[in-house]
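# Working through the structure, step by step
These are the residues of each chain, in order.
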Amino acid sequence: MSTIGKIARRTFLVGAVAIAGGAAFGTYAYRRPYPNPLKGDALTPYVLIDTNGVTIIAPRAEMGQGIHTTLAALVAEELDVAWEDITVLHGPAAKAYYNASLLEEMVPFKPTDDSWLANTARAATEIPGKFLGIQATGGSTSIPDGYEKMRAAGATARAALIAAAARRSGQPESALKTDAGAVVLPDGTRLAYTDLAADSASAPLPDTPPLKPQSGWKLLGTSLPRVDMVAKSTGTAAYTADIRLPGMVFATLRANPHRGAPITRFDATAARAVPGVKDVLETPYGLAVIATNTWAAFQGAGALDIDWAPASYTPDTAAMEAELAAAFTEGAQDSRRRNDGDVEATLAQGTTLEAEYNVPHLAHMTMEPLTAAAWLQDGKLQIWAGNQSPGLAVAAGAQITGLPADQIEVHTLVMGGGFGRRGEMDFIKPAIALAQAMPGTPVLLTWTREEDTAHDMYRPAAMARIRARLDGQKIAAFDIGVAAPSVSAGAFGRADIPVFGPDPTLVQGLAETPYTAPAFRITAYRAPTNVPVGFWRSVGASQNGFFLDSAMDELAHLAGADPLAFRLAHLDHAPSRAVVEAVGEASGWGSTAPGRAKGIAFCYSFGVPVAEVIEVADTPDGIRLTGAWIAADPGIALDPSIIEAQLSGAMIYGLSAAITGKITFADGAAEQNSFPDADPLRMPQCPPVTVRILQSGGPIRGIGEPGLPPAAPALANAIFALTGTRHRRLPLNEAVTFA
């Protein structure tokens with residue numbers, strides 16, 4: 001049983017909580033709408049101190065983004081504990097771990113708007129966030145949500161430990177200090193936290209613990225050793241596929257590639273004859289092959305003889321694209337988040353640019369296959385899965401089995417990539433259904449790569465139509481309309497979470513842009529949903545960054561202006577100007593070797609301004625990426641090495657999608673089924689990346705998403721600078737040969 005499972009079965013008391021000779025501390029002392037997830041009447045526990053040491057309980061999932069390291073550092077900084085002495089565990093599924101920042105992007109104000117009204121609206125999103133109790137990892141919200149919460153947890157624990165030491169020693173609290181996991185008395189005597197933990201259970205907790213100023217930080221702001229690095233480097237990290245339980249069986253699934261359509265006929269004779277195959281079961285989610293190992297299950301699934309019912313939706317990519325084009329009507333208008341000046345009157349004087357841009361559906365293609373384990377026994381259900389929404393897994397278990405939520409336990413394991421894909425329950429629900437069909441027998445279900453690709457919740461295909469007018473080297477009018485299916489309606493609808501009003505993801509990366517023009521209009525059109533769509537890394541900004549900054553580059557060249565200077569001339573936001581200037585300086589903008597060219601792009605998304613430059617070269621084998629530069633400003637850089645890794649990884653993810661990424665449809669089914677069909681960049685293809693991190697000191701932001709949107713336009717703009725050909729459709733390898 002996992003350590004967190006053991007913790008959850010201990011008894012907690014009010015305040016600093018006595019636990020088997022230890023104490024847990026939390027910050028949720030006020031307005032407690034949810035019970036303590038670790039039982040009893042305690043504060044929400046983020047910190048556990050017992051005879052084993054200090055354990056920090058992270059409310060967010062580790063997908064390779066380093067979040068467990070930074071969340072732990074927030075606590076450890078305030079707690080004054082040695083970095084090497086902590087253990088980090090993912091918290092159990094509990095509404096008490098709700099993500100207060102998840103809904104902040106829903107407010108109709110730019111992140112650059114620092115007015116009282118905008119800040120009040122952002123703060124108010126905590127109310128529905130708390131009501132919904134969504135324990136989710138995504139949207140670059142883990143750090144904004146945890147920045148004060150986790151620090152306060154550490155400060156609260158530290159205050160309780162000092163109070164316990166004062167009672168034991170008879171010294172006033174003001175005379176005591178803390179250092180490296182101990183309270184230090186005036187004479188130098190050290191009282192270890194582990195020795196004080198039980199006594200601290202009766203210590204009064206301050207409502208608002210004083211937090212260290214940034215100038216006093218020792219851990220935060222430095223590049224710390226990742227808490228997950230040793231295990232991942234040595235192969236000892238436990239992923240879902242590593243789970244082994246007594247009597248476990250192994251399964252995989254075959255489902256209709258025509259999404260939502262049934263199976264009309266199947267013959268499992270050949271599948272059952274495969275060595276190791278134990279059974280073939282029909283479930284509401286498809287045909288499940290049960291075997292003694294995963295490979296036998298895969299082989300059995302391949303031997304199934306199945307007739308699929310046809311799709312009920314628009315069957316092919318060309319027809320889907322026609323639906324996007326038809327959505328540019330007043331009746332399909334979803335929102336108009338910006339409407340400055342008189343766009344129509346200005347454009348009536350003549351347009352300088354009219355352009356249409358297109359991007360395809362995209363699959364997530366996480367490196368780790370989708371895997372989930374479930375075990376139903378004695379009226380209790382346990383679920384093991386790398387997932388981004390453990391509360392949704394509990395809800396799925398309750399829906400399928402009829403069990404109450406308190407009889408369902410979710411173990412969230414580390415993940416080999418998420419990107420929004422593991423916030424879906426489609427790979428967890430079949431495992432639960434099989435556990436229900438075989439009570440007492442644990443089941444490990446693994447999807448093949450082909451099945452995952454065929455049943456992904458895709459990044460939607462999207463289209464943009466742009467009109468603009470220049471007045472000299474300045475934009476006089478800019479009009480952009482975007483059409484796409486609604487990601488929010490799809491993802492939240494599958495989770496039974498009500499959504500109202502316009503979908504902000506349709507204009508994400510557009511509505512908040514700090515670009516200025518006398519007349520500037522942004523309109524979103526909601527296109528029909530055919531295949532399911534969902535959250536994909538950087539969500540709407542992934543396509544809107546390409547649309548907007550490709551058009552900005554076109555206008556710069558039409559104006560006869562330097563592309564970098566043209567962007568600066570249309571930015572009135574100091575941090576945004578700073579990242580554009582920084583990436584220009586880092587890349588040596590304006591100085592390029594013969595046979596090479598550079599492209600620049602800028603995007604403001606998730607509250608973070610990011611500018612990127614890509615350099616390309618013309619070679620006999622095709623265009624090669626020879627350099628990449630990134631500048632970003634997350635407000636405060638808590639761990640520079642993690643920020644650098646996230647920005648670099650997001651850029652490579654975005655470049656891969658720009659060059660080869662696509663999902664197309666024929667006869668209602670996806671035509672791509674694995675990595676070779678939409679190959680990510682391989683190491684020899686990746687350019688060297690230089691990252692500059694700026695810190696304006698503004699509101700702290702997450703960094704997992706914002707590095708992606710500028711990648712595609714920076715590359716397309718570089719190719720234009722090199723070849724003179726403008727590309728308005730992705731993926732680029734359909735028109736460009738890459739080395």
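Residues numbered from 1 in each chain as written. Predicted model: local features only at pLDDT ≥ 70, side-chain atom pairs only at ≥ 80, totals over all residues. Heavy atoms only, no water.

## A closer look at the overall build of the protein chain
What counts, and what does not: Numbered from the N terminus, helices here are DSSP runs of H or I no shorter than four residues, and strands are runs of E no shorter than two. In this setup the radius of gyration rests on C-alpha atoms only. A globule is expected at 2.2 Å times the number of residues raised to 0.38. Note on exposure labels: buried denotes an accessible area under 20% of the residue type's maximum, exposed denotes more than 50%, and partly exposed covers the range between, all computed with a 1.4 Å probe on protein chains only. Residues count as neighbours in contact if any of their non-hydrogen atoms are within 4.5 Å of one another. Exposure was quantified through the Shrake-Rupley algorithm and a 1.4 Å probe, taking into account, for residues, occlusion by the shown protein chains and nothing else. Positive charge is attributed to Lys and Arg, negative charge to Asp and Glu, and no charge count is given to His or to the chain ends. All charge positions are set by atom: Lys at NZ, Arg at CZ, Asp at CG, Glu at CD.
When its secondary structure is counted, the protein chain shows 20 helices and 28 strands. Over its C-alpha atoms the protein chain spans a radius of gyration of 27 Å, differing by no more than 12% from the 27 Å that the globule rule assigns to 739 residues. Seen along its three principal axes, the alpha-carbon backbone of the protein chain occupies a region of about 80 × 70 × 50 Å. Expressed as a percentage of the 739 residues in the protein chain, the buried residues total 60%. Considering only intrachain contacts with a sequence separation of at least 6, the fraction spanning at least 24 residues in the protein chain is 77%. Counting every atom, the protein chain has about 27,600 Å² of accessible surface; 54% of that belongs to carbon and sulfur. Side-chain charges in the protein chain split into 57 positive and 73 negative, and the spacing between the mean points of these groups amounts to 3 Å.

## Observations concerning the pattern of salt bridges
The condition that has to hold: A carboxyl oxygen of Asp or Glu within 4 Å of a side-chain nitrogen of Lys or Arg is what we treat as a salt bridge.
Here the structure, examined in full by the defined rule, presents 39 salt bridges. Measuring nitrogen to oxygen at the nearest pair gives 2.9 Å for the salt bridge that ties Asp456 to Arg421. Taken together, the residues span a long stretch of sequence, with Asp456 in the loop between α14 (449–454) and β20 (462–471) and Arg421 in the loop between β18 (408–412) and α13 (429–437) at a distance of 35 residues. Here the residues in one salt-bridge network are Arg421, Asp426, Arg449, Asp452 and Asp456, joined through shared partners.

## Some words on unusual backbone geometry
Cis geometry is found at the peptide bond from Leu730 to Pro731, where omega equals 5 degrees. One non-glycine residue, Asp80, adopts positive backbone phi at about 60 degrees. Structurally, Asp80 is set in the loop between α2 (67–79) and β5 (86–90). Among the residues examined, Asp80 registers a relative accessible area of 13% and is labelled buried.

## Description of the sheet that holds strand β22 (residues 519–526)
In sheet architecture, strand pairing relies on hydrogen bonds along the backbone and comes in two forms, parallel and antiparallel. What counts, and what does not: Any two strands between which DSSP finds at least two bridges are classified as paired. In this analysis an axis means a line fitted to C-alpha atoms, helices contributing only their contacting stretch, and an angle means the value between N-to-C directions, from 0 to 180 degrees.
An order of β14-β22-β21-β20-β15 is seen for the 5 strands of this open sheet, with the pairing classed as mixed. The two strands at the open ends of the sheet, each matched to only one other strand, are β14 (333–340) and β15 (353–359). In this sheet, neighbouring strand axes are inclined to one another by 10 degrees on average, regardless of whether the strands run parallel or antiparallel. Alignment of β20 against strand β21 (residues 474–484), held across 9 bridges, turns out to be antiparallel. Looking at the pairing, Leu470 lines up with Ile475 of β21. Sitting on the sheet, helix α10 (residues 317–326) touches β15, β20 and β21, and the angle it makes with β20 is about 45 degrees.

## Details of the sheet that holds strand β7 (residues 182–184)
One open sheet accounts for 3 strands, arranged β6-β7-β8; its pairing is antiparallel. Each edge of the open sheet carries a strand with a single partner, namely β6 (177–179) and β8 (190–192). Sheet twist, expressed as the average angle between the axes of neighbouring strands with direction ignored, equals 30 degrees. Strand contacts of helix α5 (residues 142–169): β6, β7 and β8, with the helix running at about 50 degrees to β7, the strand carrying the most contacts.

## Brief notes about the packing of α2 against α5
Selection criterion: Left-handed describes a crossing whose near helix is turned anticlockwise from the far helix through less than a right angle; right-handed describes the clockwise counterpart.
One way to put it is that α2 packs onto α5 with a least axis distance of 7 Å and a crossing angle of 35 degrees. By crossing handedness, the relation of α2 to α5 is classed as right-handed. Along the contact surface, α2 presents Ile67, Thr70, Leu71, Leu74, Val75, Glu78 and Leu79, while α5 presents Ser142, Ile143, Gly146, Tyr147, Met150, Arg151, Gly154, Ala155, Ala157, Arg158 and Leu161.

## Focus on empty space enclosed by the protein
This is how it is decided: Residues are called lining when one of their atoms sits within 4 Å of a cavity or pocket point, these points coming from a 1 Å grid over the protein atoms alone, where a cavity is a set in which a 1.4 Å probe fits but cannot get out and a pocket is an open set with protein on both sides within 12 Å along at least five of seven lines. Grid points are joined across faces, edges and corners, and a volume is the space filled by probe spheres set on the points. Amino acids outside the nonpolar list (Ala, Val, Leu, Ile, Met, Phe, Trp, Tyr, Cys, Pro) and the charged list (Asp, Glu, Lys, Arg) are all regarded as polar, and Gly is one of them.
For the structure on display, the rule yields 3 cavities of 30 Å³ or more. Estimated volume of the largest cavity: approximately 100 Å³. Lining the largest cavity are 14 residues, with Arg459, Ser542, Ala657, Ala712 and Leu730 positioned closest to its centre. For the lining of the largest cavity, the leading source of residues is helix α19 (residues 640–660), giving 3 residues. Taken together, the residues that form the lining of the largest cavity break down as 10 nonpolar, 3 polar and 1 charged.

## Comments concerning helix α18 (residues 574–587)
We apply this condition: A helix is expected to span 1.5 Å for every residue after the first.
The end-to-end C-alpha distance of α18, which contains 14 residues, comes to 20 Å, matching closely the 20 Å that a straight helix rising 1.5 Å per residue would cover. Three or more residues of α18 are buried, namely Pro575, Ser576, Val579, Val580, Ala582, Val583, Gly584 and Ser587. Contacts from the buried residues of α18 go to α17 (563–569), β23 (596–605), β24 (608–619), β25 (622–632) and β28 (689–693). Gly588, located one to two residues past α18, shows a positive phi value of around 65 degrees.

## Describing the confidence of the model for the protein chain
How we decide: A residue's pLDDT is simply how confident the predictor is in it, with values from 0 to 100.
Confidence in the prediction of the protein chain, expressed as mean pLDDT, is 91, and 93% of residues score 70 or more. Here residues 1–21 is a poorly scored stretch, pLDDT under 50, and it has 59 contacts once near neighbours within four places are set aside; other chains count. Contacts of residues 39–44 to residues separated by more than four positions or lying in other chains number 26 contacts, the stretch itself having pLDDT below 50.

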